[in-house]
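Observations on the model geometry
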Amino acid sequence: TDFDEISLNQLIDAIRNKNFNEMREWVSESDVDEHEVYRKLYDVASKYMKSESVPLLVMVLAKYQYQSAFAVDSEINLTAALVEIAIECEFK
């Protein structure tokens, strides 16, 4: 299932505010395929992030997308990706 703008904004706010509990809750409660999340973040990156952070985001997304093929628990893998994005990337 595709996720809507409201859900996306909730996720981006949690990442922007480095709110780990909210990120974790969003991942566990949303019924979204992790690859959809990666793609959506990639698509909207320049709208929400400072331009110098977009390449960092792409690197993080690529790494976790690759790792997801080997991850036992995709929820943990996606949460880890969001945490790394929160740490590495600057938002507008």
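Data block above holds the structure.
A few points on the structure.

Here is what the cut-offs are and how they apply
- Residues numbered from 1 in each chain as written.
- Predicted model: local features only at pLDDT ≥ 70, side-chain atom pairs only at ≥ 80, totals over all residues.
- Heavy atoms only, no water.
- Helix = DSSP H or I, 4+ residues; strand = E, 2+ residues; numbered from the N terminus.
- Rg over C-alpha atoms; globule rule 2.2 N^0.38 Å.
- Core = buried A, V, L, I, M, F, W, Y, C linked by side-chain atoms within 4.5 Å.
- Buried < 20%, exposed > 50% of the residue type's maximum accessible area, 1.4 Å probe, protein only.
- Contact = heavy atoms within 4.5 Å.
- 1 Å grid on protein atoms, 1.4 Å probe; cavity = no way out; pocket = protein on both sides within 12 Å on 5 of 7 lines; lining within 4 Å.
- Points joined across faces, edges and corners; volume = space filled by probe spheres on them.
- Nonpolar A, V, L, I, M, F, W, Y, C, P; charged D, E, K, R; others polar.

Here we look at the overall build of the protein chain
The secondary structure content of the protein chain amounts to five helices and zero strands. Helices (α) and strands (β) of the protein chain occur, in sequence order from the N terminus, as α-α-α-α-α. Relative to the 2.2 N^0.38 estimate, which gives 12 Å for 92 residues, the radius of gyration of the protein chain is 12 Å and therefore close to what a compact globule would have. In terms of its C-alpha atoms, the protein chain occupies a principal-axis envelope of roughly 35 × 25 × 20 Å.

Re the nonpolar core
Of all hydrophobic cores here, the largest spans 29 residues; its most connected members are Ile15, Val37, Leu41, Leu82 and Ile85. Broken down by element, this core gets its largest block of residues, six residues, from helix H3 (residues 34-48). Once residues lying within four places of it in the same chain are set aside, the contact partners of Ile15 are Met23, Leu41, Leu82, Ile85, Ala86 and Phe91.

Structural notes on empty space enclosed by the protein
Following the criterion strictly, the structure yields one cavity of 30 Å³ or more and no others. As for the largest cavity, its lining consists of Ile12, Ile15, Leu41, Val44, Ala45, Tyr48, Met49, Leu57, Ile85 and Phe91. Residue assignment for the lining of the largest cavity shows that the elements contributing at least two residues are helix H1 (5-16) and H3. Per-element tally for the lining of the largest cavity: the top contributor is H3, with four residues. In terms of residue class, the lining of the largest cavity is made up of 10 nonpolar, no polar and no charged.

Quick look at unusual backbone geometry
For Lys18, which is not a glycine, the phi torsion comes out positive at approximately 55°. Relative to the elements of secondary structure, Lys18 occurs in the loop between H1 and helix H2 (20-29).

In short, shape yes, function no, at least from these values alone.
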